[in-house]
Amino acid sequence: MSTNPLPLIYDLSLEDLTQTLQTWGEPAYRALQIWQGLYIQLWNTPEQFTNLPLPLRDRLATSFRFSGLTPGAVLQSSDGETIKTLLTLHDGRAIEAVLMRYDERNTLCISSQAGCAMGCVFCATGQMGFKRHLTSGEIVEQVLYYARKLKQTDERVTNIVLMGMGEPFHNYEATIAAIDRLNHPQGANLGERRFTISTVGLIPFIQRFASEKRQINLAISLHAATDEERSNLLPVNKRYPISELLIACRDYVEQTGRRITFEWALINGVNDTPETAHQLANLLKGLLCHVNVIPLNPTQKFAGQATTRTRAEAFKTILEKSGIPCTIRIRRGIDIQAGCGQLATDANQSNPVL
Ligand code: SF4
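Q: How would you summarise the overall build of the protein if you had to cite specific residues and measurements?
A: Secondary structure assignment for the protein yields 11 helices and 12 strands. Per-residue burial for the protein yields a buried fraction of 55% across its 354 residues. The contacts in the protein between residues at least 6 apart in sequence include a share of 67% that link residues at least 24 apart. For the protein, the accessible surface area stands at approximately 15500 Å², while carbon and sulfur atoms represent 49% of it.

Q: Could you give me a rundown of the packing of helix α1 (residues 14-23) against helix α2 (residues 28-39), with the residues and numbers involved?
A: Close contact between α1 and α2 brings their axes to 8 Å; oriented N to C, the two are set at 135 degrees. By the angle class used here, α1 and α2 are oblique. Along this stretch, α1 crosses α2, giving a crossing that reads as right-handed. Contact residues: α1 offers Leu14, Leu17, Thr18 and Leu21, while α2 offers Ala28, Arg30, Ala31, Leu32, Ile34 and Trp35. Split into classes, the residues belonging to the contact of α1 with α2 amount to eight nonpolar, one polar and one charged.

Q: How would you sum up the sheet that holds strand β3 (residues 94-102)? Please name residues and give values.
A: Working definition: the strands of a sheet are paired by backbone hydrogen bonds and lie parallel or antiparallel to each other. Read from one edge of the open sheet, 10 strands run β1-β2-β3-β4-β7-β8-β9-β10-β11-β12, paired in mixed fashion. Looking along the sheet, the strands with just one partner apiece sit at the ends: β1 (69-76) and β12 (326-328). When strand polarity is set aside, the average angle formed by the axes of neighbouring strands in this sheet is 20 degrees. Pairing analysis gives four bridges linking strand β9 (residues 217-221) to strand β10 (residues 260-266), with the strands arranged parallel.

Q: Got a sec to walk through the nonpolar core? Specific residues and values, please.
A: Counting residues in hydrophobic clusters, the biggest one holds 116 residues, and the most contacted among them are Phe262 and Val291. The element that contributes the greatest number of residues to this core is helix α5 (residues 136-151), accounting for eight residues. Look past the residues within four positions of Phe262 in its chain and what remains in contact with it is Ile220, Leu222, Leu246, Cys249, Leu284, Leu287, Cys289, His290, Val291 and Asn292.

Q: Provide a residue-level description of the pattern of salt bridges, including the pertinent values.
A: If you walk through the whole model with that rule in mind, you get 12 salt bridges. The shortest N-O distance in the salt bridge between Glu138 and Arg132 comes to 3.0 Å. Considered together, Glu138 and Arg132 belong to a single accessibility category, that of buried residues. Arg214 is the salt-bridge partner of Glu192, the closest N and O atoms lying 3.1 Å from each other. Of this pair, Glu192 sits in the loop between α6 (172-183) and β8 (195-199) while Arg214 sits in the loop between α7 (203-212) and β9, and the two are 22 residues apart along the sequence.

Q: Requested: an account of the environment of Trp24, with residues and values cited.
A: Within the secondary structure, Trp24 is located in the loop between α1 and α2. Distance in space between the C-alpha atoms of Trp24 and Tyr10 is 19 Å, their sequence separation being 14 residues. If near-sequence neighbours (up to four positions away) are discounted, Trp24 is found in contact with Leu56, Arg59, Leu60, Ser63 and Phe64.

Q: Go over the pairing of strand β4 (residues 105-109), please, and point to the residues and values.
A: Of all five residues in β4, four are buried; the element is thus mostly enclosed. Bridging between β3 and β4 involves five bridges; their strand directions are antiparallel. In the strand pairing of β4, Arg101 is matched with Asn106. Counting the residues that bridge the hairpin from β3 to β4 gives two residues, and of these Asp103 lies at a positive phi of roughly 55 degrees.

Q: So what's going on with the packing of aromatic side chains? Which residues, and what values?
A: Counted under the stated rule, the structure contains 12 aromatic pairs. When the ring of Phe122 is compared with that of Phe302, the centres are 6.4 Å apart and the planes differ by 65 degrees; the resulting orientation is edge-to-face. Taken together, the residues span a long stretch of sequence, with Phe122 in the loop between β5 (113-115) and α4 (124-128) and Phe302 in the loop between β11 (289-295) and α11 (309-321) at a distance of 180 residues. Arranged with centres 5.9 Å apart and planes meeting at 5 degrees, the rings of Phe209 and Tyr252 form a pair that is stacked. Of the two residues, Phe209 sits in helix α7 while Tyr252 sits in helix α9 (residues 242-256), which places them 43 residues apart along the sequence. One exposure class covers both Phe209 and Tyr252, and it is buried.

How each quantity is defined
- Residues numbered from 1 in each chain as written.
- Predicted model: local features only at pLDDT ≥ 70, side-chain atom pairs only at ≥ 80, totals over all residues.
- Heavy atoms only, no water.
- Helix = DSSP H or I, 4+ residues; strand = E, 2+ residues; numbered from the N terminus.
- Buried < 20%, exposed > 50% of the residue type's maximum accessible area, 1.4 Å probe, protein only.
- Contact = heavy atoms within 4.5 Å.
- Areas by Shrake-Rupley, 256 points an atom, 1.4 Å probe, with all protein chains shown as cover.
- Axes fitted to C-alpha atoms, helices over the stretch in contact; angles between N-to-C directions.
- Parallel < 35°, antiparallel > 145°, perpendicular 65-115°, else oblique.
- Left-handed = near helix turned anticlockwise from the far one by under 90°.
- Nonpolar A, V, L, I, M, F, W, Y, C, P; charged D, E, K, R; others polar.
- Pairing = 2+ DSSP bridges.
- Core = buried A, V, L, I, M, F, W, Y, C linked by side-chain atoms within 4.5 Å.
- Salt bridge = Lys/Arg side-chain N within 4 Å of Asp/Glu carboxyl O.
- Phe/Tyr/Trp six-rings, centres within 6.5 Å; stacked < 30°, edge-to-face > 60°.

So this is what it looks like as structure tokens:
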């Protein structure tokens, strides 16, 4: 474990890298060579940069870290479609990142924080508390890690969801900087529309995000249709109640013209009743949106149970009859605790989850 490490190279934008190279007296095109080595060739050791003069390679090696994440346990679901990797940060904190391979996509679910401060009661990450923000480079490197793995079979990362550990808007700058870095046309060139940010509803950041008019998809974890119920599940609702949240959502759609996705974990007997479905339909009336419902994934410290298929279908039918598109998501990777809300680990625990 290193407490005072070298700067992580993935924390630099191309402009930062160009400036650094300038101060070293190197021509600007060297920065682009390094950038393309990192984000197109997916190199992760200075020795791989054989297109650079040896002294420059040496200087890179003594100035930057090329790895901020150490892969640990890798778990694969029984259907082989979901792979979860434990990644340890330089300070010993740990995060998880998940690869889901289905529908001809390679979707990554990555983390923006170690732990989470939001405390959603059904979420294993929330149950472990907040440890720290990730840097933009640590967010970027989760994608590069899986991109390297997929490259071995001539495959690519196709979609990225910020739905792993942490609340991405609580770490807004680093999250957006990471997406910008991966979106850069001279590097990884992953289009903004391939990314989805999922938030519990931090209104000031939804407003900021709307004003930036990005093409990144926005998902809101809603889960309840009344403030009383939502505050029980998501403590953040006490600060940002549903009525204010939905005003921010409507403003977002108006400013960007983009559809919002609402996430809804169906908990048996709690938020899966026909009455709740009607309340939700009323709340979302006229809003350009889509609702994703998913039967709750189990976690150790929450007693709620997943809804049944029949109840999920009935919930969906009510929404659709009200003109609100709805999809029932299939639970994936539950056998390896890689489903939504199941990511939790702390390398400092004596009994880590993995
Ligand atoms: S659901 Fe998301 S925001 Fe809520 S505690 Fe879990 S990681 Fe944090």
